[in-house]
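Overview (structure and organization)
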Protein chains: 2
Amino acid sequence: MWLLYQFPLCPFSRKVRFLMAEKGVTYDLERESPWAPRDDFMQMNPAGTTPVLTDATRSITLCDSQAICEYFEETVDQFPLMSGSPVDRAEIRRLTAWFDQIVFGDVVAPLLHERMKKRLVHRAAPDGGVLREAMRRANTHMDYTDYLLDHRSWLAGGTMTLADITAAAHISVADYLGGIDWQGHRPTKRWYAAIKSRPSFRALLAERMEVIIPPTHYDQPDF
Amino acid sequence: MWLLYQFPLCPFSRKVRFLMAEKGVTYDLERESPWAPRDDFMQMNPAGTTPVLTDATRSITLCDSQAICEYFEETVDQFPLMSGSPVDRAEIRRLTAWFDQIVFGDVVAPLLHERMKKRLVHRAAPDGGVLREAMRRANTHMDYTDYLLDHRSWLAGGTMTLADITAAAHISVADYLGGIDWQGHRPTKRWYAAIKSRPSFRALLAERMEVIIPPTHYDQPDF
């Protein structure tokens, strides 16, 4: 049985969990807080980041969300999320990296720092300027997803792929932390409503991080 | 013919060029400075990052170094750089992400900012504190590569893989910018000497960035 080390607002863990659920792979959860990692955890992943996925019976330890997702894409046929030609897969991977690196760095990481870490760890108030800048950047990134979804059914083309999984993971964490203004983003909102209606994703939206409360629209398919 | 948009000190472009050379794929170069991108370039890659690889005759545009490397791994059989089992590939991808994200963020990005961008763009002096912190972190990361290379011939196992290509790309840029102290890192030094002796990599080491001069040991196989 797979065991996933994570915390509820980790976007990279959400990406892996969303993909595993769509592929019908079951797992148990273990809570890990990377801002106060246990020694055992650092042994498993010297990078100190979540998610880490282990299978003790087969002595397998997998780290890094993209490495984990590629692993399941290679080993589980159900619900392929990187299909098409090599050029199609390059486009899926380009957009996946866009969300994991640029959207995470511009939007999700500052929101997590200001609204989660400062609350739980530093007991400090968030910096309004940093929050406003993160929300401004979220808006710009959603202009780009609007543009893509004006031309395509899903972010990377005609079918749902790892790019959609990854985008939904990051956007859902930003939305939980009040960082998304949905007004004026009709294409992205329509796409996210379709994502929200999937049972695999609804299970993620039902979870809560201690102390931090999401906006009321957060888990509503109609928002 | 492939056309690669890059600048000489871009570690992600070096990663792609090293892989293409090992696989025997030829390309032309086009200089692009992401700190002052042309409009045409932003059209090709809205992320504004190098490398971008195009093939005009086939209307192909590829962005993101990992997406490009996976593309060539899928389409060119020569010199496989991600072979083995799915677990082996997960280890290759974990270490590749380690260098592209953690080592880049901790070491290469601050060195590029302080020693290249400040010199070329801002005409300002580097911040000694930032440089010392980047070098301290480089040292810690090389303790980890020493540890890996005490147990393995190459970073991810028994053969040269994309993990070695990626590590060499980032370390070579850090070394060009004077950020690496090789003392006390015998395993990593031995591994890097083997990399430096490869004709595909020597071609990269022969190039220079305008104004910025590397240390004398930079392109020497014996250093």
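Scoring rules and cut-offs
Residues numbered from 1 in each chain as written. Chains lettered and ligands numbered in written order. Predicted model: local features only at pLDDT ≥ 70, side-chain atom pairs only at ≥ 80, totals over all residues. Heavy atoms only, no water. Pairing = 2+ DSSP bridges. Helix = DSSP H or I, 4+ residues; strand = E, 2+ residues; numbered from the N terminus. Axes fitted to C-alpha atoms, helices over the stretch in contact; angles between N-to-C directions. Domains from an automatic or database assignment. Contact = heavy atoms within 4.5 Å. Buried area = accessible area lost by both parts, 1.4 Å probe. Salt bridge = Lys/Arg side-chain N within 4 Å of Asp/Glu carboxyl O. Polar contact = N/O pair within 3.5 Å; in protein donor to acceptor, adjacent residues only side chain to side chain.

With respect to the sheet that holds strand S1 (residues 2-6) of chain B
Residues and elements named next belong to chain B.
- Reading across from one edge, S2-S1-S3-S4 is the order of the four strands in this open sheet, with mixed pairing throughout. With one partner strand each, in any of the chains shown, strand S2 (27-31) and strand S4 (60-63) form the two edges of the open sheet. Put simply, the sheet's adjacent strands are angled 20° from each other on average, direction ignored.
- Judged from the five bridges that link them, S1 and S2 form a sheet pairing that is parallel.

Quick look at the domain arrangement of chain A
Residue and element names in this part refer to chain A.
- By domain assignment, chain A separates into domain 1 (2-75) and domain 2 (86-202).
- On a C-alpha basis, the centroid separation for the pair domain 1 and domain 2 is 20 Å.
- Tallying the contact residues gives 16 residues for domain 1 and 25 residues for domain 2.
- Interface area for domain 1 against domain 2, summed over the two sides, is near 1,700 Å², with a carbon-plus-sulfur share of 76%.
- When the area that domain 1 buries against domain 2 is broken down by residue, the three leading residues are Leu-9, Phe-18 and Trp-35, summing to 38%.
- In this assembly, domain 1 and domain 2 are joined by three salt bridges.
- Notably, a salt bridge pairs Glu-22 with Arg-198, separated by 2.8 Å at the nearest N-O pair.
- At the boundary of domain 1 with domain 2, the tally comes to five residue pairs in polar contact (both at pLDDT 80 or more).
- The set of elements that each furnish at least two residues to the side of domain 1 that touches domain 2 consists of helix H1 (11-22) and helix H3 (65-75).
- Top element by residues in the side of domain 1 that touches domain 2 is H1. It accounts for eight residues.

A few points about the interface of chain A and chain B
- Listed by partner, the interface residues are 22 residues for chain A and 22 residues for chain B.
- Surface buried jointly by chain A and chain B totals about 1,900 Å² across both partners, of which 70% is contributed by carbon and sulfur atoms.
- Our count for the chain A to chain B interface comes out at six salt bridges.
- Residue Arg89(A) is joined to Glu74(B) by a salt bridge in which the shortest nitrogen-to-oxygen separation is 2.9 Å.

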